[in-house]
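Here is what each chain is made of, one letter per residue.
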Amino acid sequence: MIDPRVSSHDFDTYLKLIADFTTDELIPGENEMVAAAAVPDRLVASMAELGLFGISIPRRYGGLEWSMTQQVRLTFEFTRASCVYRSRFSTVIGLCSQAILDHGTDEQRDRMLAPMAAGELVTAFALTEEAAGSDAAHLITRATRDGDAYVIDGDKRYITNAGWADAFLVFARTNANEQGAAGVSAFIVDAHAPGVTATSATRMNGHAEAPVGEIRFDNVRTSERNLLGGVEGRGLTMALRGINHARLHVAATCVGQATRMLEETTAHVTGRSQFGAPLADLGAVQAVLGAGYAELEAGRALVLDCAAAFDAGSIPRHRIAAAKLYCSEMASRVADNCLQLLGGAGIVGDHPVPRMWRDVRALRIYEGSSPVHERNLAKAMIKQVATDGTLPDTFRV
Ligand SMILES: Cc1cc2nc3c(=O)[nH]c(=O)nc-3n(C[C@H](O)[C@H](O)[C@H](O)COP(=O)(O)OP(=O)(O)OC[C@H]3O[C@@H](n4cnc5c(N)ncnc54)[C@H](O)[C@@H]3O)c2cc1C
């Protein structure tokens, strides 16, 4: 549960608390996490006490209800540490809580959000399937009405937190005659219900300490009260708010990761001498550092700009997609350039940069892969220019 003293902090005090927790606990805990191949339980408990599961959930449900600008500023801080820590609460603060908050029934909000904010009920977002990755609307998991319940059958894969979640937000087809998004509904499903089996991946390229998992739903019976919002056919529409929220958080995560990698690498090239002087004295090295810093700050500005629009009441989904695309590519470029500047230490040993180089690679694949965002942005541009000559989410007056 969230420490009551934390709930009474103003934002600046809370931000400092999280920054100190990152510096004093999360970063020093990284090697322990890698050795154990899991996020230590004591750190998960601390994250819950500090309210990290509740940053986006309203106070009336026991959360901290920070604005989107405040949430991304917090993310810049706690993702200076391994982004694996963040993945433990990311599906609660983004994809799942926001869909329930915006579209759930009163009973679903009352039942779910308070324990989620407290870190006592971990939820995972179960959308992706073998046949439905980038093309998520063509999922084939079925939910068949049977009296006052639904029976769910199907398989999900690549699901963050699948292995330890208490409940899943499951997307399943309730209308077999409708093959696209309109046939899909969302359900809150108890992870321990008969017929549910979740397994974690045994090999990961990055994110090894919080592996994604597969979930099998075999004749799983769930009450109609678990149909999100009590309506069929709107599952993917309901997911959208959470997806935009999560995409902006992923972009902010990339900023946090790039910050740490540039800090670590600047320290390394300053401390290491070759040819009789620190590597940092070489113009070629300075060019890499300076360009990385400029890209980092461009990404940060884009994230803060989207967050401000979000807080002002509009969700600039195209600019959010652009932020996710740009920042995830930026973090990978920064990671690769930093790794190069480490030389052999980027390949051998336990320097954090090579681990982060692996971790940030996934950020270009989930929450919409980079090529899919490029395609969607181009399609929106072409459509809007044909309509009124402007660009989507335009700044023009
Ligand atoms: C670490 C991690 C965590 C994840 N967590 C979750 C989760 O919690 N819940 C969940 O439901 N899913 C999750 N996913 C799944 C993720 O959303 C999918 O991996 C992603 O949507 C891509 O689907 P796919 O892997 O099937 O790739 P595919 O759809 O097979 O695509 C492969 C590649 O093809 C290219 N491509 C595909 N379509 C297009 C297009 N239209 N235009 C141009 N290029 C294209 C892209 O390069 C893409 O990367 C996670 C994945 C990872 C790696």
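Residues numbered from 1 in each chain as written. Predicted model: local features only at pLDDT ≥ 70, side-chain atom pairs only at ≥ 80, totals over all residues. Heavy atoms only, no water.

**Q** So what about the pattern of salt bridges? Which residues, and what values?
**A** Evaluated as defined, the whole model comprises 20 salt bridges. In this structure, Glu-107 and Arg-225 form a salt bridge, with 2.9 Å as the shortest nitrogen-oxygen distance. Pair noted here: Glu-107 is in helix H7 (residues 106-117) and Arg-225 is in the loop between strand E7 (213-223) and helix H8 (235-271), with a separation of 118 residues, a long-range link. As a salt-bridge pair, Arg-364 and Glu-329 come within 3.1 Å of each other at their nearest N and O atoms. Placement of Arg-364 in the loop between helix H11 (352-361) and helix H12 (370-388) and of Glu-329 in helix H10 (residues 317-342) is noted, with a sequence separation of 35 residues between them. Salt bridges sharing common partners tie together Glu-30, Arg-260, Glu-264 and Arg-355. (Salt bridge = Lys/Arg side-chain N within 4 Å of Asp/Glu carboxyl O. Helix = DSSP H or I, 4+ residues; strand = E, 2+ residues; numbered from the N terminus.)

**Q** Pulling in residues and values, what's your account of the domain arrangement of the chain?
**A** Annotation of the chain at the domain level lists domain 1 (4-122), domain 2 (124-233) and domain 3 (237-388). Taken residue by residue, the interface counts 25 residues in domain 1 and 20 residues in domain 2. Taken together, both faces of the contact between domain 1 and domain 2 bury some 1,800 Å²; the carbon and sulfur share is 62%. If you look at where domain 1 meets domain 2, you find one salt bridge. Inspection of the domain 1/domain 2 interface yields 12 residue pairs in polar contact (both at pLDDT 80 or more). Elements supplying a minimum of two residues to the side of domain 1 that touches domain 2: helix H3 (30-36), helix H6 (83-103) and H7. Of the residues forming the side of domain 1 that touches domain 2, the biggest block, 11 residues, is contributed by H6. Classifying every residue of the side of domain 1 that touches domain 2 gives 14 nonpolar, seven polar and four charged. (Domains from an automatic or database assignment. Contact = heavy atoms within 4.5 Å. Buried area = accessible area lost by both parts, 1.4 Å probe. Polar contact = N/O pair within 3.5 Å; in protein donor to acceptor, adjacent residues only side chain to side chain. Nonpolar A, V, L, I, M, F, W, Y, C, P; charged D, E, K, R; others polar.)

**Q** So, the site of the ligand: which residues are in play, and what are the values?
**A** Every one of the 15 residues lining the ligand counts as a neighbour, but Phe-125, Thr-128, Ser-134, Tyr-158 and Thr-160 are closest to it. Phe-125 is positioned with one of its backbone polar atoms (N or O) 2.7 Å from a nitrogen atom of the ligand. Within the contact set of the ligand, a nitrogen atom lies 2.8 Å away from a side-chain nitrogen or oxygen of Thr-160. In isolation the ligand offers 970 Å² of accessible surface; the protein chains occlude 67% of this area. Only strand E3 (149-159) and H12 provide two or more residues apiece to the shell around the ligand. Sorting elements by how many residues they give to the shell around the ligand places H12 first, with three residues. (Near = heavy atom within 4 Å. Areas by Shrake-Rupley, 256 points an atom, 1.4 Å probe, with all protein chains shown as cover.)

**Q** Describe the side chain of Asp-153, and please don't skip the residues or the numbers.
**A** Note on placement: Asp-153 falls in strand E3. Only 2.7 Å separates the side chain of Asp-153 from the backbone nitrogen of Asn-219, close enough to count as a polar contact. Beyond its immediate sequence surroundings of up to four residues, Asp-153 is in contact with Thr-141, Arg-142, Phe-217, Asp-218 and Asn-219.

**Q** Residues and numbers for the packing of aromatic side chains, please.
**A** Summed over the entire model, instances satisfying the criterion amount to seven aromatic pairs. With a centroid separation of 5.2 Å and 80° between ring planes, the pair formed by Phe-78 and Phe-89 is classed as edge-to-face. In this pair, Phe-78 is assigned in helix H5 (residues 68-78) and Phe-89 in helix H6, connecting sequence segments 11 residues apart. Each member of the pair, Phe-78 together with Phe-89, is buried. Here the aromatic rings of Phe-168 and Phe-217 are separated by 6.2 Å at their centres, their planes lie at 90°, and the arrangement is edge-to-face. In this pair, Phe-168 is assigned in strand E4 (residues 167-173) and Phe-217 in strand E7, connecting sequence segments 49 residues apart. (Phe/Tyr/Trp six-rings, centres within 6.5 Å; stacked < 30°, edge-to-face > 60°. Buried < 20%, exposed > 50% of the residue type's maximum accessible area, 1.4 Å probe, protein only.)

**Q** Go over the nonpolar core with me, naming the residues and quoting the values.
**A** Core analysis: the largest hydrophobic core is formed by 81 residues, its most contacted members being Met-47, Phe-168 and Phe-171. The contact partners of Met-47, leaving out residues within four places of it in the chain, are Phe-21, Leu-26, Val-39, Leu-52, Phe-53, Tyr-85 and Phe-89. Of all hydrophobic cores here, the second largest spans 31 residues; its members include Leu-296, Val-303, Cys-327 and Met-356. (Core = buried A, V, L, I, M, F, W, Y, C linked by side-chain atoms within 4.5 Å.)

**Q** An account of the packing of helix H2 (residues 11-26) against helix H4 (residues 41-49) is requested, with residue identities and associated values reported.
**A** Closest axis-to-axis distance for the H2/H4 pair is 12 Å, and the angle between their directions is 170°. Relative to H4, the element H2 lies roughly antiparallel. Taking contact as the criterion, the partners of Phe-21, Glu-25 and Leu-26 in H2 are, on H4, Arg-42, Leu-43, Ser-46 and Met-47. Split into classes, the residues belonging to the contact of H2 with H4 amount to four nonpolar, one polar and two charged. (Axes fitted to C-alpha atoms, helices over the stretch in contact; angles between N-to-C directions. Parallel < 35°, antiparallel > 145°, perpendicular 65-115°, else oblique.)

**Q** Before we move on, could you go through unusual backbone geometry and cite the residues and values that matter?
**A** Its identity as a non-glycine residue notwithstanding, Asn-161 has a phi of 70°, on the positive side. Of note, Asn-161 is situated in the loop between E3 and E4. Positive phi, normally seen in glycine, also occurs at His-207, with a value near 55°. Among the residues examined, His-207 registers a relative accessible area of 6% and is labelled buried.

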